[in-house]
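This is what each chain is made of:
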Amino acid sequence: MSEWRVRAARAGKWPLRSSGHAGRGGTEPAPEHALDAWTEPDDVPRVPLERSLVDAAVYRDGRRVDAPASLAEIYEQLPGVPGTMAWIGLYRPTPEQLWQAADQFGLHELAVEDAIVAHQRPKLERYGATLFVVLRSARYLDETEEVDFGEIHIFVGPEFVLTVRHSQVPDLGTVRKRLETDQDLLAMGPEAVLYAILDAVVDGYAPVVAGLQNDIDEIETEVFGGDPKVSRRIYELSREVVDFQRATRPLLTIMRSLEAGFAKYGTNEELQRYLRDVADHATTVAERVDGFRQALGDILTVNATLVTQAQNEEMKALAEAGHAQNNEIKKISSWAAILFAPTLIGTVYGMNFDHMPELHWVLGYPFAIVLMALVCVSLYVVFRHRDWL
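Analysis parameters
- Residues numbered from 1 in each chain as written.
- Predicted model: local features only at pLDDT ≥ 70, side-chain atom pairs only at ≥ 80, totals over all residues.
- Heavy atoms only, no water.
- Helix = DSSP H or I, 4+ residues; strand = E, 2+ residues; numbered from the N terminus.
- Buried < 20%, exposed > 50% of the residue type's maximum accessible area, 1.4 Å probe, protein only.
- Contact = heavy atoms within 4.5 Å.
- Areas by Shrake-Rupley, 256 points an atom, 1.4 Å probe, with all protein chains shown as cover.
- Pairing = 2+ DSSP bridges.
- Phe/Tyr/Trp six-rings, centres within 6.5 Å; stacked < 30°, edge-to-face > 60°.
- Polar contact = N/O pair within 3.5 Å; in protein donor to acceptor, adjacent residues only side chain to side chain.
- Patch = residues over 30% accessible without salt bridge, like charges linked within 9 Å, V, L, I, M, F, W, Y side chains within 5 Å.
- Salt bridge = Lys/Arg side-chain N within 4 Å of Asp/Glu carboxyl O.
- Lys, Arg positive; Asp, Glu negative; His and termini not counted.
- Charge placed at Lys NZ, Arg CZ, Asp CG, Glu CD.
- Core = buried A, V, L, I, M, F, W, Y, C linked by side-chain atoms within 4.5 Å.
- Axes fitted to C-alpha atoms, helices over the stretch in contact; angles between N-to-C directions.
- Parallel < 35°, antiparallel > 145°, perpendicular 65-115°, else oblique.
- Left-handed = near helix turned anticlockwise from the far one by under 90°.
- Nonpolar A, V, L, I, M, F, W, Y, C, P; charged D, E, K, R; others polar.

*Asks:* Can you walk me through the overall build of the protein in this structure?
*Replies:* Per the secondary structure count, the protein includes 11 helices and seven strands. By the burial criterion, 41% of the 389 residues in the protein qualify as buried. Of the contacts made within the protein by residues no fewer than 6 positions apart, 63% connect residues no fewer than 24 positions apart. Surface summary for the protein: the accessible area is close to 21,200 Å², and the carbon and sulfur share equals 54%.

*Asks:* Teacher, can you tell me more about the pairing of strand 3 (residues 84–91) here?
*Replies:* Within strand 3, seven of the eight residues are buried, which leaves the element mostly enclosed by the surrounding structure. With six bridges connecting them, strand 3 and strand 7 (residues 160–165) associate as parallel partners. Counterpart to I88 in the pairing with strand 7 is L162.

*Asks:* I tried to follow the environment of K330 on my own but got confused; where do I start?
*Replies:* By the element assignment, K330 lies in helix 10 (residues 269–349). The class of K330 is partly exposed, set by a relative accessible area of 29%.

*Asks:* I keep staring at the packing of aromatic side chains and nothing clicks. Help me out?
*Replies:* For any two aromatic rings, the description comes down to two numbers: the centre-to-centre distance and the angle of the planes. For the coordinates displayed, the defined rule picks out five aromatic pairs. Between Y205 and F244 the ring centres are 5.3 Å apart and the planes differ by 80 degrees, which places this aromatic pair in the edge-to-face class. Of this pair, Y205 sits in helix 8 (residues 205–225) while F244 is found in helix 9 (residues 230–260), placing the two residues 39 residues apart along the sequence. Assessed through its relative accessible area of 1%, Y205 is described here as buried. Here the aromatic cluster, defined as three or more aromatic residues joined through ring pairs, consists of F149, Y205 and F244.

*Asks:* Can you walk me through the side chain of Q120 in this structure?
*Replies:* Turning to its location among the elements, Q120 is positioned in the loop between helix 4 (109–117) and strand 4 (123–127). You can call Q120 buried: its relative accessible area is 16%. Of note is the side chain of Q120, whose polar atom sits 3.0 Å from the backbone oxygen of A118. With sequence-adjacent residues up to four places away left out, Q120 is seen in contact with D114, V134, R136, E151 and H153.

*Asks:* Mind showing me how you'd approach a negative patch on the surface here?
*Replies:* Taken together, D203, E259, D277 and D280 make up a surface patch of like negative charges. Within the element layout of this structure, D280 appears in helix 10. What makes D280 partly exposed here is its relative accessible area of 49%.

*Asks:* Please explain helix 3 (residues 95–105) as it appears in this structure.
*Replies:* An α-helical turn contains 3.6 residues, so a residue and the one three or four places further along point in the same direction. With nine of its 11 residues buried, helix 3 lies for the most part within the structure. All of the buried residues in helix 3 are Q97, L98, W99, Q100, A101, A102, D103, Q104 and F105.

*Asks:* Looking at this structure, how should I read unusual backbone geometry?
*Replies:* Phi is mostly negative for residues that are not glycine, and the peptide bonds are mostly trans. The phi torsion at D61 lies on the positive side, around 55 degrees, for a residue other than glycine. Residue placement: D61 occurs in the loop between strand 1 (53–60) and strand 2 (63–66). Of note, H119 is a non-glycine position whose phi angle comes to about 55 degrees, a positive value. Structurally, H119 is set in the loop between helix 4 and strand 4. For H119, a relative accessible area of 75% corresponds to the exposed category.

*Asks:* I would appreciate a short explanation of the environment of R246 in the present structure.
*Replies:* Relative to the helices and strands, R246 resides in helix 9. The exposed category is assigned to R246, whose relative accessible area is 57%. Separated by 43 residues in the primary sequence, R246 and V289 have C-alpha atoms spaced 9.9 Å apart.

*Asks:* Quick question: what am I supposed to make of the pattern of salt bridges here?
*Replies:* Opposite charge on two side chains permits pairing when their charged atoms draw close. Within this structure, the stated rule accounts for 16 salt bridges. Between R176 and D55 there is a salt bridge, with the nearest N and O atoms lying 3.2 Å from each other. One end of the pair, R176, is in helix 5 (residues 172–180); the other, D55, is in strand 1, with 121 residues separating them in the sequence. The buried category is assigned to R176, whose relative accessible area is 6%. On the basis of relative accessible area, D55 is assigned to the partly exposed category, the value being 24%. Its salt-bridge partner being D114, residue K123 comes within 2.7 Å of it at the nearest N-O pair.

*Asks:* Whenever I open this one, the nonpolar core confuses me. Can you help?
*Replies:* Note that soluble globular proteins tend to have their nonpolar side chains buried in a common cluster. Judged by nonpolar contacts, the single largest core of 59 residues is most densely connected at L135, I154, I197, L198 and F244. Not counting residues up to four positions away in its chain, the partners in contact with I154 are L131, F132, V133, L135, V161, L162, T163, L194 and I197. With 25 residues, the next largest nonpolar core counts I74, L78, W99 and A111 among its residues.

*Asks:* I keep staring at the packing of helix 3 against helix 4 and nothing clicks. Help me out?
*Replies:* In a pair of packed helices, the angle between the axes and the distance between the axes together describe the arrangement. The N-to-C vectors of helix 3 and helix 4 enclose an angle of 150 degrees; their axes lie 10 Å apart at closest approach. Classed by the angle they form, the pair helix 3 and helix 4 counts as roughly antiparallel. Handedness of the helix 3/helix 4 crossing: right-handed. The segment helix 3 lies against helix 4, with P95, L98, W99 and A102 engaging E109, V112, E113, A115 and I116. Class assignment for the residues of the contact of helix 3 with helix 4 results in seven nonpolar, no polar and two charged.

Below, the structure is given as structure tokens:
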């Protein structure tokens, strides 16, 4: 039992009772996984479900015959009329509104809780005669170069389709109009509606694939152009691709599950072809997305290599500059040492020129000059031998 219903029961607002298939007076036996229905006290106001209704209609043999204003009116027209089904579209309903819809159509409480919480992964689950399908739609935003994801929950029963959207995409109004212009397809029943929604979601992936491909092409150009900001863009685009992969990859499992039930549930042969076509398109999209992820991984590796090469070139240039600077320092130091030697000798002897050095030595002055020259030449030879000059 759901936490919401438990809290409501403890508060005394929603007494719980076990019943058969709700909405038909409890005359039919409950399905194996049917939802425990609930009743409402007279002193508690019922939340109007119509506030979240986007569109609701009853179809007979592929034609719209009525558009009732409430679920109760819709459900009254379903029993005992062959070829009749209802399609109800809800947009951001409250938990109370969803539980009211569950009471009318006997939806399993686990599926209803998933629809209330949202943020589910794409999946297909079967509760008795009712299918519960979660799909993730996507659209590419050129302005921000991002992928905007939507989520839709679909309940498919023998005589009804209930869609719950928590985002503006996908636009199911377009899907409904398309189906209403194809009476033969719509006459195939609720599974035809499921097919049309699947087809619209998968077709909506095509612009996203094109947008991501364009972004990857631009990134490749930026990588080889040496753009320093490209690493951040690669990371952000990789996250978009991963999210897109999480939306598309489970579709393959959903389509395989539907195909596995073709024979068991007597799916129309023509509808089987349509569903297989959707499966082919979904496979193509999933493969393209896998390729995008691999390509981005390769681009990131190449970018890291190019960045490393650029850093190595910078380090090499710095090393060469340092080496050249060291050579200049060696030259300056060598000439300083050569010039320092005469200064040292002249300082020691004072050079007062009275037959210096060694006091009144007649050859003292020539000896000092020769000594200076000898020391300078010796230092010059030593520094040249060491490649300092």
